Amino acid sequence: YGFVSAFGQGIALIPTMTIGMRWFPDRKGMAMGVVVGGFGGGAFIFNQIQTVILNPGNISPDGTYFTDDELLERVPGLMVILGTIYFVIQMIACTMVTEPDSTTLPQTETKEMQARSGDTASDTDCGVDRRDILMDETQTVQDFVSPKEALKSREFYMLWMTRFCAVLITQTVSGFYKAFGQTFISDDHFLSLVGAVSSVFNCTGRLFYGLLMDRSSYKCAMLLEMTCLTVLVASLPVTQLAGKIMFATCVWLIYFTFPGTVSTQPAVTTQTFGHKYGGTIYGFLFTSDILNNFLVGTLSDKLLSGGGWTAMFLVLAGFSLFAFILTLFFPKSPSPEMIRNKRLQNVPQLDPEQCTSILKINT
């Protein structure tokens, strides 16, 4: 299930995000926010559809999960209904997706980079010139790195670990916030409403962080996201004492925050490794999702049985803190040229005597 889930999401998301960046090359963060916003916003509608079909009588669960036989018998039918709806919507959407003509893409990136080459003004984490992430189809070999080179870079694994931490939090909170709420809230319709409204925050959060990256930098956006996630997830157990309004507010803010990773990482991947193989390299980042899908169930089961809800949420907050620390070491303005230069610095240099010896051997 974990493999199929991540594989399916990758097929649906990577091509659409890549095309979105091609249509809006100078506003990649915004494009990503809109594309993945639809991914997050769908729950606003489908949460209500699921509740109406499964639990029209607002039956309260017996403990953490539902045990009512009549309710559980509706689950297979619900899957068929949702699968049919998804299939129809996706087929219609696929026929409407088109790639832009080359004439719609800016052809000025090289000139702008040359004009800025003599600029000695220092960059700040949140004040990087955003023109350096424009995409151009006329890239030279200096404007991109291959997937093999990317897999040897430190930046790739920093992005991989950051995504791993963010997706782990996303999947765990999404999968367990309702079960946690049911421990002190006996209104299933209210909890379904929390989930529906959460999708609105999910959608707007993706757009917000995409625009924030366009106006500042990936590093600035990600530091803000991980700071907020650490505080919010660590505070979630306290909502048991504060009541359902506090619970709903905390969940909504978490849903507004964690989508920042999915709306900024496609753009920063292209910025760091170049447009030519940006989609392929971003696909490698999705391997963290496969591991997450296997890990969420095992980790949550161990933490819940050993320390309860508080232990689970505090451990999740620790993952976001770790991602925050990783992001502190991420470059201010990454680029393919930077990756290549770092690799060249690691190549051992030959002294004159060694060069002379090699020439003698060759002659």
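Everything numeric here is computed off the predicted structure, so don't read it as measured data.

Calculation notes
- Residues numbered from 1 in each chain as written.
- Predicted model: local features only at pLDDT ≥ 70, side-chain atom pairs only at ≥ 80, totals over all residues.
- Heavy atoms only, no water.
- Helix = DSSP H or I, 4+ residues; strand = E, 2+ residues; numbered from the N terminus.
- Buried < 20%, exposed > 50% of the residue type's maximum accessible area, 1.4 Å probe, protein only.
- Contact = heavy atoms within 4.5 Å.
- Areas by Shrake-Rupley, 256 points an atom, 1.4 Å probe, with all protein chains shown as cover.
- Axes fitted to C-alpha atoms, helices over the stretch in contact; angles between N-to-C directions.
- Parallel < 35°, antiparallel > 145°, perpendicular 65-115°, else oblique.
- Left-handed = near helix turned anticlockwise from the far one by under 90°.
- Phe/Tyr/Trp six-rings, centres within 6.5 Å; stacked < 30°, edge-to-face > 60°.
- Lys NZ or Arg CZ within 6 Å of the ring centre and 35° of its normal.
- Expected span 1.5 Å × (residues − 1).
- Bend = angle between axes of the 7 residues up to and from the residue.
- Core = buried A, V, L, I, M, F, W, Y, C linked by side-chain atoms within 4.5 Å.
- Patch = residues over 30% accessible without salt bridge, like charges linked within 9 Å, V, L, I, M, F, W, Y side chains within 5 Å.
- Salt bridge = Lys/Arg side-chain N within 4 Å of Asp/Glu carboxyl O.
- Arc of directions from axis to C-beta.
- Polar contact = N/O pair within 3.5 Å; in protein donor to acceptor, adjacent residues only side chain to side chain.

Undergrad: Teacher, can you tell me more about the overall build of the chain here?
TA: What the chain contains, in helices and strands, is 17 helices and 0 strands. Counting over 363 residues, the chain shows a buried share of 43%. When contacts within the chain are restricted to residue pairs at least 6 apart in sequence, those whose partners lie at least 24 apart make up 83%. About 18,400 Å² of surface is accessible on the chain, with carbon and sulfur atoms providing 66% of the total.

Undergrad: How do you make sense of the packing of helix α10 (residues 218–235) against helix α15 (residues 287–328) when you look at a structure like this?
TA: What describes two packed helices is the angle between their axes and the distance between those same axes. Between α10 and α15, the shortest axis-to-axis distance is 8 Å and the interhelical angle comes to 160 degrees. Judged by the angle between their axes, α10 and α15 are roughly antiparallel. For the element pair α10 and α15, the recorded crossing hand is left-handed. Contacts from Lys219, Met222, Leu223, Met226, Thr227, Leu229, Thr230, Val233 and Ala234 in α10 reach Phe313, Leu314, Leu316, Ala317, Ser320, Leu321, Ala323, Phe324, Thr327 and Leu328 in α15.

Undergrad: Would you mind going over the packing of aromatic side chains with me for this structure?
TA: Any two aromatic rings considered together are summarised by their centre-to-centre distance and by the angle between their planes. In total, this model carries 20 aromatic pairs according to the counting rule given. Taking 5.0 Å as the distance between ring centres and 70 degrees as the angle between the ring planes, the aromatic pair formed by Phe46 and Tyr86 counts as edge-to-face. Of the two residues, Phe46 is situated in helix α3 (residues 43–54) and Tyr86 in helix α5 (residues 75–96); the sequence distance between them amounts to 40 residues. Residue class for Tyr86 comes out partly exposed when judged on its relative accessible area of 33%. Aromatic side chains Tyr209 and Phe256 sit 6.5 Å apart centroid to centroid with 50 degrees between the ring planes, which places their arrangement in the tilted category. With Tyr209 in helix α9 (residues 188–215) and Phe256 in helix α12 (residues 244–257), this pair connects stretches of sequence that are 47 residues apart. Sitting over the face of the ring of Phe286, Arg163 holds its NZ or CZ atom 4.2 Å from the ring centroid.

Undergrad: Explanation requested: helix α8 (residues 154–181) in the structure shown.
TA: Residue pairs three or four apart in sequence face the same way in an α-helix, which turns once every 3.6 residues. In a regular helix each residue adds 1.5 Å, so 28 residues correspond to 40 Å; α8 covers 40 Å between its end C-alpha atoms and thus fits that length. The axis of α8 is deflected most strongly, by about 35 degrees, at Gly175. The element α8 is extensively covered by neighbouring structure, given that 21 of its 28 residues are classed as buried.

Undergrad: How should I be thinking about the nonpolar core in this particular structure?
TA: Nonpolar side chains tend to gather and get buried jointly when the protein is soluble and globular. If you look at the biggest cluster of nonpolar residues, it comprises 56 residues, and the most contacted ones within it are Val233, Phe247, Ile254, Phe273 and Phe313. A total of 14 residues in this core trace back to one element, the largest contributor, which is α8.

Undergrad: Mind showing me how you'd approach a nonpolar patch on the surface here?
TA: A grouping of Phe87, Val88, Met91, Ile92 and Met96 is seen on the molecular surface, where their side chains present a nonpolar patch of about 520 Å² in accessible area. As for its placement among the helices and strands, Met91 is situated in helix α5.

Undergrad: How do you make sense of helix α14 (residues 278–285) when you look at a structure like this?
TA: All of the buried residues in α14 are Gly278, Ile281, Tyr282 and Leu285. Projection of α14 onto a plane perpendicular to its axis shows the buried side chains occupying an angular sector of 100 degrees, all on one side.

Undergrad: Looking at this structure, how should I read the environment of Gln240?
TA: Residue position: Gln240 is located in helix α11 (residues 239–242). Sequence spacing of Gln240 and Phe184 is 56 residues, and the spatial spacing of their C-alpha atoms is 6.6 Å. Polar contacts involving the side chain of Gln240 include one to the main-chain carbonyl oxygen of Pro237, which spans 3.1 Å.

Undergrad: What should I look at first to understand the pattern of salt bridges in this one?
TA: For side chains of opposite charge, pairing can occur when their charged atoms come near one another. Taken as a whole and judged by the stated rule, the model has 3 salt bridges. One salt bridge in this structure joins Arg74 and Glu70, with 3.3 Å as the shortest N-O distance. For Arg74, a relative accessible area of 25% puts it in the partly exposed group. Using a relative accessible area of 53% as the deciding quantity, one classes Glu70 as exposed. In this structure, the salt-bridge partner of Arg163 is Asp289, at a minimum N-O distance of 2.8 Å.

Undergrad: Help me out: how do you make sense of the environment of Ile339 in this one?
TA: Counting through the fold element by element, Ile339 comes out in helix α16 (residues 336–345). In this structure Ile339 comes out as buried when scored by relative accessible area, which is 2%. Measuring from C-alpha to C-alpha, the distance between Ile339 and Glu149 comes to 8.5 Å, with 190 residues separating the pair along the chain. Setting aside residues up to four positions removed in sequence, Ile339 forms contacts with Val145, Ser153, Glu155, Thr272 and Phe273.

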